[in-house]
2 protein chains.
Amino acid sequence: MSDRGKPDFPYRQHDHQVCIEECIERAEAACMDHNEHFTENRRAVLELLLAGHRPLGAYEIVEQFDWKNRRPAPAQIYRALAFLESLGLIHRIASRNAYLACNRPGHQKGAIFLVCERCELVAELEGTQMLTAIDNLSASSGFVAHTHLIEVSGLCPACSDTLDFERAET
Amino acid sequence: MSDRGKPDFPYRQHDHQVCIEECIERAEAACMDHNEHFTENRRAVLELLLAGHRPLGAYEIVEQFDWKNRRPAPAQIYRALAFLESLGLIHRIASRNAYLACNRPGHQKGAIFLVCERCELVAELEGTQMLTAIDNLSASSGFVAHTHLIEVSGLCPACSDTLDFERAET
DNA sequence: TTGCAAACACTATAACATAACATTCTACCC
DNA sequence: GGGTAGAATGTTATGTTATAGTGTTTGCAA
């Protein structure tokens, strides 16, 4: 799955089951590295997020989380989200108040997110160079940068094509 | 007030009263241009946001809004915020769920926000070149960009100095 | 002066997130 | 095994941010 990490990865056909399995393995390894437990709760939340290249709101996770035939409390989900985010396994999409499984394992920093306004698919791009440029720009004002948030809203290739087609129809 | 629009503007001493007045004038002009009314409600919200180079949450505005000795309903504030944002007079700082008066009049697009983690001061930088670079990057994946969100979290010059000093003390 | 559209007022509720505290689980030591 | 410290979970409650929906007022033009 060398495709993962490439900018257009989520836009292409791929064996999503493999994609999921790799991310789970990656998560297990990350937990080992940090002497943390990859508990059932955390695994279940990550699996829900891995189901599609779409961000889920915390309460969507609550709803989809089938847990002994009951509903988990929001706090339970938020705890798992905070844990997964601390390990760089997921990202928060601020413009949507939603959470996305990371598909650039090992490169948790320096991401740029392309959020489709129509289908909600999110692509995660490598943006390290961009961030360096931004850091330089802000440093020239004396600002010391710690974390970055870059989200682009627009249309993914498929939705863009669809809309072009619909416009051509009329 | 040619200082406005420069990256380090909010970090420097300036006549803030003039700064406010200019923005109000600018808002009046913008409303004229768009055949909209600069109502009391909208003006009051903008003035609260102009009071400092700090973003305010909608409910902070509700609290500070002295309105015939009553408290306005949140919806009233959100309406004004939506209106002001549609005219580019204010920006939403997504990482803080807060709103900031624009200090780059006439350049409502292409901003980069530097958010101080310590004092909450926000600087608004011209980032058109950066955005172009990001658009090019995303276009190479077939993504059609509409809007951008770039927020950098860190320390403003003053807070950075203060912390350096405190560290040197110990 | 009537009629229309914009803006406002108000109530309620949706949507997102965390605090606080009790309980259970797990790893480790004796 | 039994004790125990820390991590994780379970639970309740509440805090925070944002919008829906509906009726009223206002400004303005025909």
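Residues numbered from 1 in each chain as written. Chains lettered and ligands numbered in written order. Predicted model: local features only at pLDDT ≥ 70, side-chain atom pairs only at ≥ 80, totals over all residues. Heavy atoms only, no water.

A. Inspection of the pattern of salt bridges at higher detail. Scanning all chains against the criterion turns up ten salt bridges over all chains. Between E126 of chain B and R104 of chain B there is a salt bridge; the shortest N-O distance is 2.7 Å. A residue pair is termed long-range when its members are at least 10 positions apart, and E126 of chain B in strand 4 (residues 122–126) and R104 of chain B in the loop between strand 2 (98–101) and strand 3 (111–116) qualify at 22 residues. Here R104 of chain B falls in the buried class, since its relative accessible area comes to 2%. In the salt-bridge network here, residues are joined through shared partners; they are E28, R43 and E47 of chain A. (Salt bridge = Lys/Arg side-chain N within 4 Å of Asp/Glu carboxyl O. Helix = DSSP H or I, 4+ residues; strand = E, 2+ residues; numbered from the N terminus. Buried < 20%, exposed > 50% of the residue type's maximum accessible area, 1.4 Å probe, protein only.)

B. Highlighting helix 5 (residues 128–139) of chain B. The first and last C-alpha atoms of helix 5 of chain B sit 16 Å apart over twelve residues, in line with the 16 Å expected at 1.5 Å per residue. Among all positions in helix 5 of chain B, only M130, L131, I134 and S138 of chain B are buried. Looking down the long axis of helix 5 of chain B, one finds its buried residues gathered within 95 degrees of arc, a one-sided arrangement. Helix 5 of chain B presents Q129 and N136 of chain B as exposed residues on the side facing more than 90 degrees away from its buried surface. Each element contacted by the buried residues of helix 5 of chain B is listed here: strand 3 (111–116), strand 4 (122–126), helix 5 (128–139) and strand 5 (144–155) of chain A together with strand 3 and strand 5 (144–155) of chain B. (Expected span 1.5 Å × (residues − 1). Arc of directions from axis to C-beta. Contact = heavy atoms within 4.5 Å.)

C. Local environment of empty space enclosed by the protein. Residue and element names in this part refer to chain A. A full pass over the atoms with the stated rule returns two cavities of 30 Å³ or more. Put simply, the largest cavity is a space of about 70 Å³. Going through the elements one at a time, helix 1 (16–33), helix 2 (40–50) and strand 2 (98–101) are the ones with two or more residues in the lining of the largest cavity. Counting residues per element, the lining of the largest cavity draws most heavily on helix 1, at three residues. The residue makeup of the lining of the largest cavity, split by class, is seven nonpolar, four polar and no charged. (1 Å grid on protein atoms, 1.4 Å probe; cavity = no way out; pocket = protein on both sides within 12 Å on 5 of 7 lines; lining within 4 Å. Points joined across faces, edges and corners; volume = space filled by probe spheres on them. Nonpolar A, V, L, I, M, F, W, Y, C, P; charged D, E, K, R; others polar.)

D. Region of interest: the protein's contact with DNA strand C. Close to DNA strand C lie 18 residues; Y59 and R92 of chain A together with E36, T39 and Q76 of chain B are nearest. Here the atoms of DNA strand C within 4 Å of the protein split so that 57% fall in sugar or phosphate, with bases taking the remainder. Within the side chain of R42 of chain B, a nitrogen or oxygen atom sits 3.2 Å from a phosphate oxygen of DNA strand C. Elements with a contribution of two residues or more to the surface near DNA strand C: helix 4 (74–86) of chain A together with helix 2 (40–50) and helix 4 (74–86) of chain B. No other element matches the three residues that helix 4 of chain B contributes to the surface near DNA strand C. Looking at the surface near DNA strand C residue by residue, the class counts come to seven nonpolar, five polar and six charged. (Near = heavy atom within 4 Å. Polar contact = N/O pair within 3.5 Å; in protein donor to acceptor, adjacent residues only side chain to side chain.)

E. Just the side chain of Q76 of chain B, in detail. Residue and element names in this part refer to chain B. One can find Q76 in helix 4. In terms of polar contacts, Q76 uses its side chain to reach the side chain of N41, at 3.2 Å. When near neighbours in sequence (up to four residues on either side) are disregarded, Q76 contacts N41 and W67.

F. Seen up close, the protein's contact with DNA strand D. Around DNA strand D, 18 residues are found, and the nearest of them are T39, Q76 and R79 of chain A together with Y59 and R92 of chain B. Near the protein, within 4 Å, the atoms of DNA strand D are sugar or phosphate in 51% of cases. For DNA strand D, a phosphate oxygen lies 2.8 Å from a polar atom in the side chain of Q76 of chain A. Here a base nitrogen of DNA strand D and a side-chain polar atom of Y59 of chain B are 2.7 Å apart. For the surface near DNA strand D, the secondary-structure elements that each account for two or more residues are helix 2 and helix 4 of chain A together with helix 4 of chain B. The biggest single contributor to the surface near DNA strand D is helix 4 of chain A, with three residues. Per-class residue counts for the surface near DNA strand D are seven nonpolar, five polar and six charged.

G. Focus on the interface of chain B and chain A. The interface of chain B with chain A comprises 35 residues on the first partner and 35 residues on the second. When chain B packs against chain A, close to 2800 Å² is buried across both sides, 69% of that on carbon and sulfur atoms. Summed over the three residues of chain B that lose the most area to chain A, namely S141, F143 and L149 of chain B, the buried surface amounts to 22% of that side. Linking chain B to chain A there are zero salt bridges. The interface formed by chain B and chain A includes ten residue pairs in polar contact (both at pLDDT 80 or more). Listing elements by their share of the side of chain B that touches chain A, those giving two or more residues are strand 3, strand 4, helix 5, strand 5 and helix 6 (157–169) of chain B. Take the side of chain B that touches chain A: its biggest share by element is twelve residues, from strand 5 of chain B. Grouping the constituent residues of the side of chain B that touches chain A by class yields 21 nonpolar, ten polar and four charged. Looking at chain direction, strand 5 of chain A and strand 5 of chain B are connected through eleven bridges and run antiparallel. (Buried area = accessible area lost by both parts, 1.4 Å probe. Pairing = 2+ DSSP bridges.)

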